[in-house]
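# Commentary on secondary and tertiary structure
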Amino acid sequence: MGVNTPEDLFDHIVRKEGYCGRLHLPDVEEGLRDLLADIRAHTNTTFKAQILRLQVDGAHPKLYFDLIDDSGEVNALAFAKEGWSMVGVTLSLFRKLHDVFATACQNREFVASFGDAATPPQPTHLFALLYLTAFQFVSAHELGHHVHGHLGLPTRSAMAVRKEFSVASGGSHLVCQAEEVEADGYAVHMVLGNMLRGAPRTHAAQLLGMAEDQSCLDETLLRAFMTAVVCFFHAVHQPFDAGKVDEQSHPFELSRINTVITDMHGWCADQEPKLEQWPDVPQFAELGGTLRQILRDTGIEDHWDDQTRFLQCQAGLDYRGRLYAERKTLRTRMGPFRWTVLPGT
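Residues numbered from 1 in each chain as written. Predicted model: local features only at pLDDT ≥ 70, side-chain atom pairs only at ≥ 80, totals over all residues. Heavy atoms only, no water.

### Digging into the overall build of the protein
A tally of regular secondary structure across the protein gives twelve helices and seven strands. Against the compact-globule benchmark of 20 Å for 345 residues, the protein has a radius of gyration of 20 Å, which places it among compact chains. In terms of overall dimensions, the protein has C-alpha extents of about 60 × 50 × 45 Å along its principal axes. Relative to its 345 residues, the protein shows a buried fraction of 52%. Excluding contacts between residues fewer than 6 apart, the proportion of contacts in the protein whose partners are at least 24 apart in sequence is 73%. Roughly 15,200 Å² of accessible area belongs to the protein as shown, and the carbon and sulfur atoms make up 51% of that amount. In the protein, 31 positive and 45 negative side-chain charges are present, and the distance between their average locations comes to 4 Å. (Helix = DSSP H or I, 4+ residues; strand = E, 2+ residues; numbered from the N terminus. Rg over C-alpha atoms; globule rule 2.2 N^0.38 Å. Buried < 20%, exposed > 50% of the residue type's maximum accessible area, 1.4 Å probe, protein only. Contact = heavy atoms within 4.5 Å. Areas by Shrake-Rupley, 256 points an atom, 1.4 Å probe, with all protein chains shown as cover. Lys, Arg positive; Asp, Glu negative; His and termini not counted. Charge placed at Lys NZ, Arg CZ, Asp CG, Glu CD.)

Below, the structure written as structure tokens:
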């Protein structure tokens, strides 16, 4: 097929996947429209910066992010076609996370837990920080599938599509699950590297009403990141069956959160050693419990208790061992397809 722009190619592909096409922002209500426009522009700006530090087949990749007009499907996609590596997020996912963060930021105690105790951030500013952070995590996760080679090389002729939420057929899907936690790991490193460095750190501090030289700023930013990630996984909660954990296309939510924390500790050990142990088990339990209580009003049925019990039993420990072993094997197997991250970037 011949298309002139990445926008046309994006629209063509998502229509082939059964969606309504690339989202036409003037059709969205005014309040959300401006936010989505900012996210689209910010993510593509971030992708442009990423292009300079990545190589595939000896050249910089072509990256593009956009929004998907859907019919009620909460999802995020990574796909490759005609040399382009693309990421798309459905409008329904934006709406669902909008409701989650709006609910959380209406709670005064929750808002007061961020920033300076004497001058907590404005609820609208905290909402913007958490909402943008969540979508940076989602878009970076989908980009991670490209970077780690899970869709093959973008130069190949066949189209490859990866969906964040899909139904798996029977049998073990630990390979797919390992790919998901690898993509989560890429998102952790990318978002924290942006959030705690340079201009993004300055902007985040402004939203929190904090000075850049405040000693607690970086820990507060980590708390914001972890809050955004937990809210995301709460919003996309799926039914949990301990007897079928290997058969799902994705690890269950609490398992992914635990892996995110492990990867976050690894990033901090290299970049911010003083924060290497944040959060510890009691700190995470407090954060998760607070969010769970606040978000009850969203009507989302969660399965945190069942997932916690499973992870603490022998079957859960065995599952984590299998998943981590598969992740290690995956890194070797994906070697020929993994993109190169250039040194010094």
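### Topic: the packing of helix H8 (residues 217-235) against helix H9 (residues 253-271)
At a minimum axis separation of 10 Å, H8 and H9 run at an interaxial angle of 160 degrees. Classified by the angle their axes make, H8 and H9 are roughly antiparallel. You can see that H8 and H9 cross each other, and the crossing is right-handed. In contact with Leu222, Phe225, Met226, Val229, Val230 and Phe233 of H8, H9 contributes Glu253, Arg256, Ile257, Val260, Ile261, Met264 and Cys268. Here the residues of the contact of H8 with H9 are counted per class, giving eleven nonpolar, no polar and two charged. (Axes fitted to C-alpha atoms, helices over the stretch in contact; angles between N-to-C directions. Parallel < 35°, antiparallel > 145°, perpendicular 65-115°, else oblique. Left-handed = near helix turned anticlockwise from the far one by under 90°. Nonpolar A, V, L, I, M, F, W, Y, C, P; charged D, E, K, R; others polar.)

### A few points about the packing of helix H6 (residues 174-195) against H8
Contact geometry of H6 with H8 gives a least axis separation of 11 Å together with a crossing angle of 145 degrees. By crossing handedness, the relation of H6 to H8 is classed as right-handed. Only Leu221, Leu222, Ala224, Phe225 and Phe233 of H8 make contact with H6, whose side of the interface consists of Asp184, Val188, Val191, Leu192 and Met195. Partitioned by chemical class, the residues of the contact of H6 with H8 number nine nonpolar, no polar and one charged.

### Focus: the pairing of strand E5 (residues 84-90)
For E5, the tally of buried residues reaches seven of seven residues, placing the bulk of the element in the interior. Alternating residues of E5 divide into Trp84, Met86, Gly88 and Thr90 and Ser85, Val87 and Val89, and every residue in both groups is buried. For strand E3 (residues 62-69) and E5, the ladder comprises seven bridges, and the chain directions are parallel. Note on E5: the bridge partner recorded for lysine 62 is tryptophan 84. (Pairing = 2+ DSSP bridges.)

### Comments concerning the sheet that holds E5
Reading across the sheet, the five strands line up as E1-E3-E5-E4-E6 and stay open at both edges, with mixed pairing between neighbours. Each having just a single partner strand, strand E1 (21-22) and strand E6 (160-163) make up the two edges of the open sheet. Sheet topology places E1 next to E3; two bridges connect them, and they run antiparallel. Pairing of arginine 22 across the sheet is with isoleucine 68, part of E3. Contacts from helix H2 (residues 30-51) reach E1, E3 and E5, with the element oriented near 160 degrees to E3.

### Observations concerning the nonpolar core
Grouped burial of nonpolar side chains is what soluble globular proteins tend to show. One finds Phe110, Tyr131, Phe137, Phe225 and Met226 to be the most contacted residues of the largest nonpolar core, which totals 97 residues. If one sorts the elements of this core by residue count, H8 sits on top with 13 residues. Judged by nonpolar contacts, the second largest core, of eleven residues, contains Ile13, Tyr64, Phe79 and Met86. (Core = buried A, V, L, I, M, F, W, Y, C linked by side-chain atoms within 4.5 Å.)

### Focus on H8
Given a rise of 1.5 Å per residue, 19 residues ought to cover 27 Å, and the 27 Å separating the end C-alpha atoms of H8 matches this to within 8%. For H8, a buried count of 17 out of 19 residues is recorded, marking the element as mostly surrounded by other parts of the structure. (Expected span 1.5 Å × (residues − 1).)

### Observations regarding helix H11 (residues 304-312)
Since the α-helix advances by 3.6 residues per turn, residues separated by three or four positions end up pointing in the same direction. Burial in H11 covers these residues: Trp304, Gln307, Phe310 and Leu311. For H11, the buried positions fall inside an angular range of 130 degrees around the axis, keeping them on one side. Turned more than 90 degrees off the buried face of H11, the exposed positions are Arg309 and Gln312. Contacts made by the buried residues of H11 are with H8, H9, helix H10 (281-294) and helix H12 (314-333). (Arc of directions from axis to C-beta.)

### Some remarks on unusual backbone geometry
Each neighbour pair has its own omega, and for tryptophan 278 with proline 279 the value is -5 degrees, a cis peptide bond. Here proline 279 is to be found in the loop between H9 and H10. Its identity is not glycine, yet aspartate 57 carries a phi of approximately 55 degrees, on the positive side. Within the secondary structure layout, aspartate 57 lies in the loop between strand E2 (54-55) and E3. Residue glutamate 82 is not a glycine yet carries a positive backbone phi of 55 degrees. Among the secondary structure elements, glutamate 82 is positioned in the loop between strand E4 (76-81) and E5.

### Considerations on the packing of aromatic side chains
Tallied over the full model, the rule gives 17 aromatic pairs. Measuring from ring centre to ring centre gives 5.9 Å for phenylalanine 10 and tyrosine 64, while their planes differ by 75 degrees; the resulting arrangement is edge-to-face. Of this pair, phenylalanine 10 sits in helix H1 (residues 6-16) while tyrosine 64 sits in strand E3; the two residues are 54 residues apart in sequence, bridging distant segments of the chain. Given a relative accessible area of 7%, tyrosine 64 falls into the buried group. Following the ring pairs from residue to residue traces out a cluster consisting of Phe94, Phe101, Phe127, Tyr131 and Phe135. (Phe/Tyr/Trp six-rings, centres within 6.5 Å; stacked < 30°, edge-to-face > 60°.)

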